[in-house]
Amino acid sequence: MKNNTKYNTEITGAEAVILSLLEENVTDIFGYPGGAIMPIYDALYDYSKKLNHYLVRHEQGATHAAQGYSRVSGKPGVVFATSGPGATNLVTGIADAQIDSTPLVCITGQVASHLLGTDAFQETDVLGITMPVTKWNIQVTKAEDIPSALAKAFYIATSGRPGPVLVDITKDAQFGKMIYNYSKCENIRSYFPNPIANFEEVENAAALINNSLRPFILCGHGVLLSGAEKQLLEFAEKSNIPVASTLLGLSAFPPEHELYAGYLGMHGNYGPNILTNECDVLIAVGMRFDDRVTGNVSKYAKQAKVIHLEIDKSEINKIIHADVALIGDAKKTLELLMPLLLTKNRNKWLQRFKSCNEIENEKVIESARNPNTEKLLMSEVIDKLNIVSKGNAIVVTDVGQHQMITARYYKSNIPNNFVTSGGLGTMGFGLPAAIGAKVAKPNCEVVAVLGDGGFQMTIQELGTIMQSNIAVKILILNNNFLGMVRQWQQLFFDRRYSFTEMKNPDFITIAKGYGIKGQKVTDRENLVEALTTFYNSQESYLLEVVVENEENVFPMVTTGASVSEIILE
């Protein structure tokens, strides 16, 4: 522990919370007040010039906003909520942050300590509920324990593989008096979050790569979390190796680079999927071999030697066996590998990717970009958005077909500019996450790409936009269906569309009620002009684009199939 600040005057535990956040350089908080956290909100009142608080309309919105904030800023997102339903409403966002390695510090109020375990009003066992979905959690019942608990919380949330933590503070601890002393946490006994890759294993990895004919790099979210984009680019260029990205790894590698092979996974690009089963060395950097990437594990890359760069030891051999495991920070490990790499000509191997891209362009992409359908397609809308924004917007998606389409057709030129819910696949993520992203980067354009279904799960956060005057651009791709489920019902359940058709409200009128300008587009000839107006607006703006009801997302790796069995239509 490093001593930073000590006050000789007595303060309350509630004020200690606020001062501790300032010690951790927090500037923004997303939250919703209530009885059990009221003392902390009262203390916040006196620090409103130092801490910006954004009043969400539902606690789930607070966690998603904090996720969006963290993903684009690199800082931990901070959340306030009260006890009982306030705390339980955080759980979805906390679980989402846990599986996607997003650092959050959630602070919840709790009933007074003498009432714990009595089923008091708005009491829940928030520690027990959140234990499976947090990196660490703690309950504080004494005012003097608040600073150390928060110091540990910030350290654990941001060190090693990041994740969400929760600090539950009883009401009497918030009212209690203490002499404030804050020491930033720099280490915890038996917790070693930053391992360094074994150099002998680094040499083994380099030997495999140097002797390979068809190496292939898969980059994931860990590249962005470690800030290893430059090192990955240098690594790929020196060794002349193609690179593909997972969903959460998008924006980690320049999308127009000649070595970029595309996007991996169930609805990813054709070449990266089938050539996974043709490479001789598979180099996984900061990714965890999610089932949406591997398809049928028993048929995944059986011909390849696997090199896995991963900071979390528990991910090694969990799904795919690693012939060489390099356990450590991606940036530092790539820097260790770089001097050992040889420059080799792999043009024949790279040509395989180009040939696959030509096939996909002919069968999927050209028709998606230039359709002969009467109605607009999601793919052409996102393609035009990419042109209008020049790939420079921070794009935040919800979950569903529009998410996969955006991942495929939007080319993010700037690292951390593509934000989505990956492992949990949380509908309702997009709108509040976009709010958080805009708070973190107020001078950047933030576009929320939403489906009509996911938008309505957190539609109330339009109120947060209105009250805090947050200039988020909201693009709704409206097909009047829960599109991804409908696609599966079409392909695998004989078009039995069981409860997936949506009767939607007038989104433009709803937006108007929140003081947000809006426009609805149904015709192709109006699309580019509408997108330009939308994107260039200085205020929040909602653009609803009515799209084809039964558009499907292809390519697709179906359940139980190998990645090499990906279908194009």
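As the structure is a prediction and not an experimental result, all values here were calculated from the model. (Residues numbered from 1 in each chain as written. Predicted model: local features only at pLDDT ≥ 70, side-chain atom pairs only at ≥ 80, totals over all residues. Heavy atoms only, no water.)

**Some points on the overall build of the protein chain**
Condition: In DSSP terms, a helix is any run of H or I states spanning at least four residues, a strand is any run of E spanning at least two, and both are numbered starting from the N terminus. When we talk radius of gyration, it's over C-alpha atoms, and the globule rule is simply 2.2 Å times the number of residues to the 0.38. Exposed residues in this analysis have more than 50% of their type's maximum accessible area, buried residues have under 20%, and partly exposed residues fall in between, with area computed by a 1.4 Å probe over protein chains only. Whether two residues are in contact is decided by their heavy atoms, any of which lying within 4.5 Å being enough. Note on areas: Shrake-Rupley, 1.4 Å probe, and residue coverage restricted to the protein chains presented here. Only four residue types enter the tally: Lys and Arg on the positive side, Asp and Glu on the negative side, with His and both chain ends excluded. Working definition for charges: the position is that of NZ of Lys, CZ of Arg, CG of Asp or CD of Glu.
Along the protein chain, the regular secondary structure elements total 23 helices and 20 strands. The C-alpha atoms of the protein chain give 24 Å as radius of gyration, which agrees with the globular expectation for 569 residues (25 Å, within 12%). A burial count over the protein chain gives 60% of its 569 residues as buried. A separation threshold of at least 6 residues defines the contact pool for the protein chain, and within that pool the share at least 24 residues apart is 77%. As displayed, the protein chain has an accessible area near 22,700 Å², and 50% of this comes from carbon and sulfur atoms. Averaging the coordinates of the 50 positive side-chain charges in the protein chain and doing the same for the 60 negative ones gives two points 3 Å apart.

**Here's the deal with the nonpolar core**
So the rule is basically this: For our purposes a nonpolar core is just a set of buried Ala, Val, Leu, Ile, Met, Phe, Trp, Tyr and Cys residues, chained together by side-chain atoms within 4.5 Å. Each domain's extent was defined by an automatic or database domain assignment.
Judged by nonpolar contacts, the single largest core of 94 residues is most densely connected at F235, L282, I283, L475 and V545. Per-element tally for this core: the top contributor is helix α15 (residues 347-369), with 7 residues. Shared between two domains, this core holds at least three residues of each, these being domain 2 (199-354) and domain 3 (374-546). For V545, the contacting residues outside a window of four places in its chain are L376, V381, L475, I476, L477, N478, V521 and L527.

**Some remarks on the sheet that holds strand β14 (residues 324-327)**
Across a sheet, strands are paired by hydrogen bonds formed along the backbone, either parallel or antiparallel in direction. Formally: Two strands qualify as a pair provided DSSP detects at least 2 bridges between them. Axis lines are fitted through C-alpha atoms, for helices just across the contact stretch, and the angle between N-to-C directions can take any value from 0 to 180 degrees.
Ordered in space as β11-β10-β9-β12-β13-β14, the 6 strands form an open sheet in which the pairing is parallel. The open sheet has two free edges, formed respectively by β11 (260-263) and β14, since each of these has just one partner strand. Taking each pair of neighbouring strands and ignoring which way they run, the sheet shows an average axis angle of 15°. Note: strand β13 (residues 305-310) against β14, 4 bridges, orientation parallel. The residue bridging L309 from the neighbouring strand is L326, located in β14. Sheet contacts for helix α11 (residues 229-239): β9 (215-219), β10 (243-245) and β12 (281-285); angle to β9, the most-contacted strand, approximately 170°.

**Observations regarding the state of the cysteines**
For clarity, the threshold we go by: Note on terminology: disulfide denotes any pair of cysteine sulfur atoms within 2.5 Å.
Counted by the stated rule, this structure contains 0 disulfides. Among the cysteines around C219, which has no disulfide bond, C279 carries the closest sulfur, lying 15 Å off. Unpaired in this structure, C356 has its nearest cysteine sulfur neighbour in C279, at a distance of 13 Å. On the accessibility criterion, C356 (2% relative accessible area) is buried.

**Section: helix α17 (residues 401-409)**
The element α17 is extensively covered by neighbouring structure, given that 9 of its 9 residues are classed as buried. Every buried residue of α17 is listed here: Q401, H402, Q403, M404, I405, T406, A407, R408 and Y409.

**Some thoughts on the domain arrangement of the protein chain**
This is how it is decided: Once two parts are joined, some of their accessible surface, as seen by a 1.4 Å probe, is lost; buried area is that loss totalled over both. Polar contacts here mean pairs of N or O atoms no more than 3.5 Å apart (in protein, one a potential hydrogen donor and the other a potential acceptor; neighbouring residues in sequence count only if both atoms are side-chain atoms).
When the domains of the protein chain are assigned, the result is domain 1 (5-182), domain 2 (199-354) and domain 3 (374-546). Here domain 1 and domain 3 have C-alpha centroids that lie 30 Å from each other. Listed as interface residues are 22 residues of domain 1 and, on the opposing side, 27 residues of domain 3. Per-residue buried area on domain 1 facing domain 3 is highest for R57, R71 and V72; these three make up 34% of the total on that side. Counting across the domain 1 and domain 3 interface gives 11 residue pairs in polar contact (both at pLDDT 80 or more). Put simply, the parts of the chain that give the side of domain 1 that touches domain 3 at least two residues each are β2 (28-31), β3 (52-55), α3 (59-73) and α5 (91-99).

**Examining the side chain of Q60**
By the secondary structure assignment, Q60 is in helix α3. Judged by its relative accessible area of 16%, Q60 is buried. Residue contacts for Q60: discarding those within four places in its chain leaves N89, T92, T426 and M427.

**Regarding the pattern of salt bridges**
Pairs may arise between side chains of opposite charge once their charged atoms sit close together. Rules: Here, a salt bridge means any Lys or Arg side-chain nitrogen found within 4 Å of an Asp or Glu carboxyl oxygen.
Evaluated as defined, the whole model comprises 15 salt bridges. For the salt bridge of E278 with R352, the shortest nitrogen-to-oxygen distance reads 2.8 Å. Note that E278 is positioned in the loop between α12 (270-276) and β12 and R352 in helix α15, a separation of 74 residues in sequence. Accessibility expressed as a relative area gives 30% for E278, which makes it partly exposed. A single salt-bridge network, built from bridges that share partners, covers R161, D312, E315 and K318.

**Quick look at unusual backbone geometry**
Cis geometry is adopted by the peptide bond preceding P555, which originates at F554 and carries an omega value of 0°. Turning to its location among the elements, P555 is positioned in the segment after β20 (541-546). Phi at Q122 is positive, roughly 60°, even though this residue is not glycine. Residue position: Q122 is located in the loop between β5 (104-110) and α6 (126-130). We note that N240 has phi near 60°; this positive angle belongs to a residue other than glycine. Mapped onto the elements of the fold, N240 is located in the loop between α11 and β10.

**Thoughts on the packing of helix α16 (residues 378-389) against α17**
For the record, the criterion: The scheme is simple: roughly parallel for angles under 35 degrees, roughly antiparallel for over 145, roughly perpendicular for 65 to 115, oblique for anything else. Note on convention: near helix rotated counterclockwise from far helix by under a right angle means a left-handed crossing. Clockwise means right-handed. Side-chain classes follow a simple rule in which Ala, Val, Leu, Ile, Met, Phe, Trp, Tyr, Cys and Pro form the nonpolar group, Asp, Glu, Lys and Arg form the charged group, and the remainder, Gly included, forms the polar group.
Their axes nearest at 9 Å, the elements α16 and α17 cross at an angle of 45°. It follows that α16 is oblique to α17 by the angle criterion. With respect to the hand of their crossing, α16 and α17 are arranged in right-handed fashion. Contacts from M378, S379, I382, D383 and N386 of α16 reach α17 at Q401, H402, I405, T406 and Y409. Here the contact of α16 with α17 is composed, by residue class, of 4 nonpolar, 5 polar and 1 charged.

**Brief notes about the environment of L150**
Note on placement: L150 falls in helix α7 (residues 146-158). Between the C-alpha atom of L150 and that of K184, which follows or precedes it by 34 residues, the distance is 9.0 Å. Beyond its immediate stretch of four places on either side in the chain, L150 contacts V17, S20, I107, V167 and Y182.

**Structural notes on the pairing of strand β19 (residues 517-521)**
Each regular strand carries side chains that alternate between the two faces of the sheet. For clarity, the cut-off: When the strands point away from the viewer and the path from the first strand over the helix to the second turns clockwise, the crossover is right-handed.
By the bridge criterion, 5 bridges tie β19 to β20 in an arrangement that is parallel. The residue bridging V521 from the neighbouring strand is V545, located in β20. For the handedness criterion, the β-α-β arrangement of β19, helix α23 (residues 527-536) and β20 is classed as right-handed.

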